[in-house]
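What follows is each chain in one-letter form.
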Amino acid sequence: KQEVTQIPAALSVPEGENLVLNCSFTDSAIYNLQWFRQDPGKGLTSLLLIQSSQREQTSGRLNASLDKSSGRSTLYIAASQPGDSATYLCAVFIIGANNLFFGTGTRLTVIP
Amino acid sequence: ETGVTQSPTHLIKTRGQQVTLRCSSQSGHNTVSWYQQALGQGPQFIFQYYREEENGRGNFPPRFSGLQFPNYSSELNVNALELDDSALYLCASSAGTSGAQETQYFGPGTRLLVL
């Protein structure tokens, strides 16, 4: 059974810092991995999707990497801003399934 | 292009009641997936519908059921509500034959509270 773990569960950083969020998964037979952002009580916004054949994806200040063989992904946020405060979830699509498997998220607070 | 919409936004029910949640998929998408997100947890897969047929189900009891309509909108029905059913229910739509490899676009969710 696929298990997705995110560390740390919560993180507070001062504005302007660069930071890394970690995600690990137990089953490496995946189609892709996605990072989502979730504001309190709201739905999910897709940030980056990395196909299993890719190593990384970038969008603005965000960079996500994928090491499928070791079952790890990182989300790098450069020059953090208070507006980045949210919960960040990673999720994987495994081969043979029709759904995303989610981690429990990292709650990020960027302090002005 | 219209995004994924869900209704209602909030709902309060009592134990034993039944509830229907609705989802309108993004234009051009034929696959809808439903997820349950308990407080402080990641979303858990309930089931998926592709072209009006159930196309995969997670570890949820039969009192969780669904429908997909010809316009690809969808309903999630929950019978005999229990306190643990209190959660945010998320709907996601995607395009393609199975939705598995496509980006899923999530709606804002319906917050259900069972008293």
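The structure we're discussing is the one just above.
To start, this report covers the structure provided alongside it. (Residues numbered from 1 in each chain as written. Chains lettered and ligands numbered in written order. Predicted model: local features only at pLDDT ≥ 70, side-chain atom pairs only at ≥ 80, totals over all residues. Heavy atoms only, no water.)

A few points about the overall build of chain A
Next, step 1: Assigned secondary structure in chain A consists of zero helices and 11 strands.
Next, step 2: In chain A, the succession of α and β elements from N to C terminus is β-β-β-β-β-β-β-β-β-β-β.
Next, step 3: Against the 2.2 N^0.38 benchmark of 13 Å for 112 residues, chain A shows a C-alpha radius of gyration of 13 Å, consistent with a compact globule.
Next, step 4: In terms of overall dimensions, chain A has a C-alpha envelope of 45 × 30 × 20 Å along the principal axes.
Next, step 5: The contacts in chain A between residues at least 6 apart in sequence include a share of 54% that link residues at least 24 apart.
Next, step 6: Summed over its atoms, the accessible surface of chain A is roughly 5,100 Å², and 48% of this surface lies on carbon and sulfur atoms.
Next, step 7: Of the charged side chains in chain A, 8 are positive and 8 negative; the average position of the first set lies 4 Å away from that of the second. (Helix = DSSP H or I, 4+ residues; strand = E, 2+ residues; numbered from the N terminus. Rg over C-alpha atoms; globule rule 2.2 N^0.38 Å. Contact = heavy atoms within 4.5 Å. Areas by Shrake-Rupley, 256 points an atom, 1.4 Å probe, with all protein chains shown as cover. Lys, Arg positive; Asp, Glu negative; His and termini not counted. Charge placed at Lys NZ, Arg CZ, Asp CG, Glu CD.)

Notes on the side chain of Gln68 of chain B
Residues and elements named next belong to chain B.
Next, step 1: Note that Gln68 resides in strand β7 (residues 64–68).
Next, step 2: Here the side chain of Gln68 touches Asn30 through a polar contact of 3.2 Å, landing on its backbone oxygen.
Next, step 3: Polar side-chain contacts of Gln68 include one of 3.3 Å to the backbone oxygen of Tyr72.
Next, step 4: If sequence neighbours within four positions are ignored, Gln68 has contacts with Asn30, Thr31, Val32, Tyr49, Tyr50, Arg51, Glu52, Glu53, Ser73 and Ser74. (Polar contact = N/O pair within 3.5 Å; in protein donor to acceptor, adjacent residues only side chain to side chain.)

Some words on the pattern of salt bridges
All names here are of chain B.
Next, step 1: This structure, assessed with the given rule, holds six salt bridges over all chains.
Next, step 2: Across the pair Arg57 and Glu54 runs a salt bridge, and its minimum N-O distance is 3.5 Å.
Next, step 3: One salt bridge connects Arg63 with Glu82, and the closest N-O pair in it is separated by 3.3 Å. With a gap of 19 residues between them, Arg63 in the loop between β6 (53–57) and β7 and Glu82 in the loop between β8 (74–78) and β9 (87–94) connect regions that are remote in the sequence.
Next, step 4: On the basis of relative accessible area, Arg63 is assigned to the buried category, the value being 16%.
Next, step 5: Since its relative accessible area comes to 41%, Glu82 is described here as partly exposed.
Next, step 6: A network of salt bridges, in which partner residues are shared, links Arg63, Glu82 and Asp85. (Salt bridge = Lys/Arg side-chain N within 4 Å of Asp/Glu carboxyl O. Buried < 20%, exposed > 50% of the residue type's maximum accessible area, 1.4 Å probe, protein only.)

Notes on the sheet that holds strand β8 (residues 72–77) of chain A
Residue and element names in this part refer to chain A.
Next, step 1: In spatial order, the strands read β1-β3-β8-β7-β6; together these five strands make up an open sheet with antiparallel pairing. Edge positions in the sheet fall to β1 (4–7) and β6 (56–59), since each of these pairs with one other strand and no more. Direction aside, neighbouring strands of the sheet carry axes that sit 15° apart on average.
Next, step 2: Relative to β8, strand β7 (residues 62–67) is paired through six bridges, and the arrangement is antiparallel. Bridge assignment links Leu66 to a residue of β8, and that residue is Ser73. (Pairing = 2+ DSSP bridges. Axes fitted to C-alpha atoms, helices over the stretch in contact; angles between N-to-C directions.)

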